[in-house]
Amino acid sequence: MRFLKTKEYLLFLFLTLLIFNASSFAAEPPQFSGIVSHHNDVRAKHKQRPLTWSNSLASYAQQWVNRLAETQNCQMLHRPNYQGEHDSDRFLQVHGENLFWASAEKITNGSEKLQHFRPIEVVTAWAEEENFYDYRTNSCQPGQDCGHFTQMVWHESRQVGCAKAICADKSQIWACNYHPRGNYIGEKPY
């Protein structure tokens, strides 16, 4: 058996890793253009490493928003964290998750139409929760949410994948999933 030379071995190793981790190097699809860079702008303010797009996380997110659109009329429900919470085992949460919901836009004649949100607007909505987060006490202001923000900047998260679904009433639900997940009780995000 012939042993590979060091250069050949390194090239083989690099190509193998590239193939098995292709999801890490994927670009977000056009409908989510800029969503990773906007996440990374927020992360950079807190000196966190940039996220990369993951097609597998995007598929995972799409599975959940499709489920919400089909069975919950886009109601904003997170994946269950334990068996029997509100769905089957195949929907158990194993990644970090941010959700965004929007109703239909009401037109003056009484009809409704789909609101158009750009990825930057979704990310901005989550990032603005920083205004309610107190790093010193690692808590949100009473009555406010800040968990979307803290998941966005979570120090261990390296990948993100996002999806959206439109419901019959023209409401919409967006989800971004993060790996590794964050928001562990007692830990600061950065």
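Residues numbered from 1 in each chain as written. Predicted model: local features only at pLDDT ≥ 70, side-chain atom pairs only at ≥ 80, totals over all residues. Heavy atoms only, no water.

J.: Please provide a residue-by-residue account of the pattern of salt bridges, values included.
T.: Counted under the stated rule, the structure contains three salt bridges. Across the salt bridge formed by R118 and E121, the nearest N and O atoms sit 3.9 Å from each other. E121 gets classed as partly exposed once you look at its relative accessible area, which sits at 31%. (Salt bridge = Lys/Arg side-chain N within 4 Å of Asp/Glu carboxyl O. Buried < 20%, exposed > 50% of the residue type's maximum accessible area, 1.4 Å probe, protein only.)

J.: Report on unusual backbone geometry, specifying residues and quantitative values.
T.: Between H179 and the following residue, P180, the backbone shows a cis peptide bond with an omega angle of -15°. With respect to the secondary-structure elements, P180 resides in the segment after β8 (172-179). The residue N73 is not glycine, and still its phi comes out positive at about 50°. Along the chain, the position of N73 falls in the loop between α4 (55-71) and β2 (96-102). On the basis of relative accessibility, which here comes to 41%, the residue N73 falls in the partly exposed class. (Helix = DSSP H or I, 4+ residues; strand = E, 2+ residues; numbered from the N terminus.)

J.: Give a description of the state of the cysteines that names residues and reports values.
T.: A full pass over the atoms with the stated rule returns three disulfides. C74 shares a disulfide with C167; S-S distance 2.0 Å. Between C74 and C167 the sulfur-sulfur dihedral comes to about 100°; the bridge is accordingly right-handed. Pair noted here: C74 is in the loop between α4 and β2 and C167 is in the loop between β7 (159-166) and β8, with a separation of 93 residues, a long-range link. Grouping residues by exposure puts C74 and C167 together as buried. (Disulfide = S-S within 2.5 Å.)

J.: Tell me about the side chain of E97, and name the residues and values.
T.: As for its placement among the helices and strands, E97 is situated in strand β2. Within the structure, E97 has its side chain in polar contact with the side chain of Q93 (distance 3.2 Å). Not counting chain neighbours up to four residues away, the residues in contact with E97 comprise W64, H78, R79, Q151, C176, N177 and Y178. (Polar contact = N/O pair within 3.5 Å; in protein donor to acceptor, adjacent residues only side chain to side chain. Contact = heavy atoms within 4.5 Å.)

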